[in-house]
Amino acid sequence: ISVLTCDQQGKIKEINQVYGAKGAYSWQSKKSVNMEPLFNFAVFKEADIPLLYEWLGREHVAAWWRETRDYQKFYEKYMGRIEDNTLGCYLICHDNKPIGYIAWYDAAHCPVRSKDYPEKGVYGFDVLIAEIDYIGKGNATKILQQFIDEIIMPLKPTKIIVDPEVANERAI
């Protein structure tokens, strides 16, 4: 897990490797560079559930996202996420074409993270790039930088946690 610690204005102060990573993460806000957004984030809706279900069945995604293949259970889980105000789910789009999924969560309300991060202001996120043409080209870094700047930083985080699968070398 990497922990990005933020000041009271929501600016990144430091990045600490807690455990599990093979390499070091670096993150720098691109807001000050005045760059054009490469991606956009569309709020995930009920109509998007079949697309996410299809993506999660793709070999390069299923290797790291262990989701049920029972559609009814999957549908109920993601409808619950849509209705939950302690997380935010989005489609990652390029030229308005959905290419992946990204979601932030409030760690204090996450069953897996609340024990380690019970305090207010700690956010984590999960991301997947489903469209194979966008993998291995540095897009994940750009997506994460833009998502943190546009979506997470307005939440005024005290920390941002990142917890990729250690064996997923592309994610590390």
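Predicted model only: the values in this text are computed from it and were never measured. (Residues numbered from 1 in each chain as written. Predicted model: local features only at pLDDT ≥ 70, side-chain atom pairs only at ≥ 80, totals over all residues. Heavy atoms only, no water.)

A. Quick peek at the packing of aromatic side chains. Tallying each qualifying case throughout the model produces 12 aromatic pairs. Taking 6.3 Å as the distance between ring centres and 65 degrees as the angle between the ring planes, the aromatic pair formed by F44 and Y78 counts as edge-to-face. Taken together, the residues span a long stretch of sequence, with F44 in the loop between β3 (40-43) and α1 (49-56) and Y78 in helix α3 (residues 71-83) at a distance of 34 residues. Assessed through its relative accessible area of 3%, F44 is described here as buried. Judged by relative accessible area, Y78 falls into the buried class, the value being 0%. Where W65 meets Y101, the ring centres are 6.0 Å apart and the plane angle is 80 degrees; that geometry is what we call edge-to-face. (Phe/Tyr/Trp six-rings, centres within 6.5 Å; stacked < 30°, edge-to-face > 60°. Helix = DSSP H or I, 4+ residues; strand = E, 2+ residues; numbered from the N terminus. Buried < 20%, exposed > 50% of the residue type's maximum accessible area, 1.4 Å probe, protein only.)

B. Main features of unusual backbone geometry. You will see that D95, though not glycine, has its phi angle at about 50 degrees, which is positive. Here D95 is to be found in the loop between β4 (87-94) and β5 (97-106). At N96, a position not held by glycine, the phi torsion is positive, near 65 degrees. Considering the arrangement of structural elements, one finds N96 in the loop between β4 and β5. Under the relative-accessibility criterion, N96 is labelled exposed at 64%.

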